[in-house]
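Chains, contacts and geometry: an overview
In case you want the letters, here they are:
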Amino acid sequence: MSPVWLVLAGILSVQFGAVVSKGQFGEIPPVGMVFLRLVTTSLVLLAFARPRLYGRAGTDWWPVLALGFALGAMNWAFYESFARIPLGVAVTIEFAGPLLLAAAGSRRPRDLAWVGLAAAGIALFGAGPTRVDPVGFGLALLAGACWALYVVSTASTGRRWAGVEGLAVATTVATLAIAPFAVVSAGGRLVEPRLLVLGALVGLLSSVVPYSLEMVALRTMPPRVFGILMSLEPAAAALAAAVLLSEWLTPLQLVAVACVTAASVGAARTEPAPEAVPAEEPGSG
């Protein structure tokens with residue numbers, strides 16, 4: 001299969017996972033679904049990576065701990081966000097984090113222009129007759145900030161842990177960090193067979209499947225092309241939510257999604273290509 005189709009399939013898998021999650025929020029709170037998702041992901045990654053934990057220096061642990069807490073906070077904030085606002089809106093706002101990170105180290109006017117376009121698009125969600133819930137809006141911004149921290153921590157972790165070992169440990173850290181809140185909030189619903197199966201399905205759709213597809217695709221796909229394709233996530237989220245959840249966005253909100261998507265594509269196109277991309281790192285951030 002073409003690597004382009006693999007990436008697009010991964011994007012759709014993530015959105016389907018989010019749709020399944022949102023459909024269960026009447027039975028289990030968002031933090032409970034996040035916990036079930038992370039449990040599945042961490043078990044799969046630990047079984048695959050079998051990370052070496054002994055004999056490591058303290059400097060190896062700080063970045064992976066930061067990555068774990070960023071991963072847990074990012075998912076929790078994001079799920080709480082799209083529990084309150086449309087999925088397409090939440091994904092679009094969340095993209096502000098990596099976009100700002102991409103432009104932070106650049107002084108080129110073109111990069112600042114892309115950030116300005118994204119900011120204008122996000123601001124549109126607060127305009128017009130249909131306003132976005134402010135708490136959901138803020139949580140989506142928080143998820144974007146955690147996403148930026150996740151990207152930075154992934155780079156630091158990748159320099160100290162081989163392959164996906166660091167991601168496996170970080171996902172376990174995120175699971176343990178979320179666990180007390182999930183137990184208090186969801187209680188016995190965490191062990192209901194139906195919700196366990198759905199949580200495992202969300203973990204596969206939202207993490208394991210897209211990660212695997214991205215790793216295969218990036219063996220032959222230039223990272224810049226991958227970045228451009230990933231920029232389609234806000235549009236894919238809006239489409240999936242409209243079709244499967246009947247979350248139809250207003251024309252002004254669609255313009256906002258288009259602005260952020262265009263800004264993300266522009267930033268990906270103008271980003272300097274790296275000299276080399278290690279085979280084991282693609283898809284981790």
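Side note on the packing of aromatic side chains
Summed over the entire model, instances satisfying the criterion amount to eight aromatic pairs. Ring centres of Trp61 and Trp161 lie 5.2 Å apart, and the angle between their planes is 80°; this geometry places the pair in the edge-to-face category. Of this pair, Trp61 sits in helix α3 (residues 58-82) while Trp161 sits in the loop between α7 (134-158) and α8 (165-186), and the two are 100 residues apart along the sequence. On the accessibility criterion, Trp61 (26% relative accessible area) is partly exposed. Looking at Trp161, the relative accessible area reads 2%, which means it is buried. Through a chain of ring-to-ring contacts, three or more aromatic side chains come together here, namely Phe25, Phe78, Tyr79 and Phe82.

A closer look at a nonpolar patch on the surface
The grouping of Leu12, Phe16, Leu239, Val243 and Leu244 at the surface amounts to a nonpolar patch, some 470 Å² of accessible area in total. Mapped by element, the contributors of at least two residues to the nonpolar patch are α1 (3-22) and α11 (233-245). As for its placement among the helices and strands, Leu244 is situated in helix α11.

A closer look at the packing of helix α5 (residues 96-104) against α7
Axes are the key here: two packed helices are described by the angle between their axes and the distance separating the axes. Their axes nearest at 6 Å, the elements α5 and α7 cross at an angle of 45°. In terms of orientation, α5 and α7 fall into the oblique class. Crossing of α5 over α7 shows right-handed handedness. On α7, the residues that touch Ala96, Gly97, Pro98 and Leu101 of α5 are Leu141, Gly144, Ala145, Trp147, Ala148, Val151 and Val152. The residue makeup of the contact of α5 with α7, split by class, is nine nonpolar, two polar and no charged.

Cut-offs used in this document
Residues numbered from 1 in each chain as written. Predicted model: local features only at pLDDT ≥ 70, side-chain atom pairs only at ≥ 80, totals over all residues. Heavy atoms only, no water. Phe/Tyr/Trp six-rings, centres within 6.5 Å; stacked < 30°, edge-to-face > 60°. Helix = DSSP H or I, 4+ residues; strand = E, 2+ residues; numbered from the N terminus. Buried < 20%, exposed > 50% of the residue type's maximum accessible area, 1.4 Å probe, protein only. Patch = residues over 30% accessible without salt bridge, like charges linked within 9 Å, V, L, I, M, F, W, Y side chains within 5 Å. Areas by Shrake-Rupley, 256 points an atom, 1.4 Å probe, with all protein chains shown as cover. Salt bridge = Lys/Arg side-chain N within 4 Å of Asp/Glu carboxyl O. Axes fitted to C-alpha atoms, helices over the stretch in contact; angles between N-to-C directions. Parallel < 35°, antiparallel > 145°, perpendicular 65-115°, else oblique. Left-handed = near helix turned anticlockwise from the far one by under 90°. Contact = heavy atoms within 4.5 Å. Nonpolar A, V, L, I, M, F, W, Y, C, P; charged D, E, K, R; others polar.

Read these as spatial facts, not as claims about activity.
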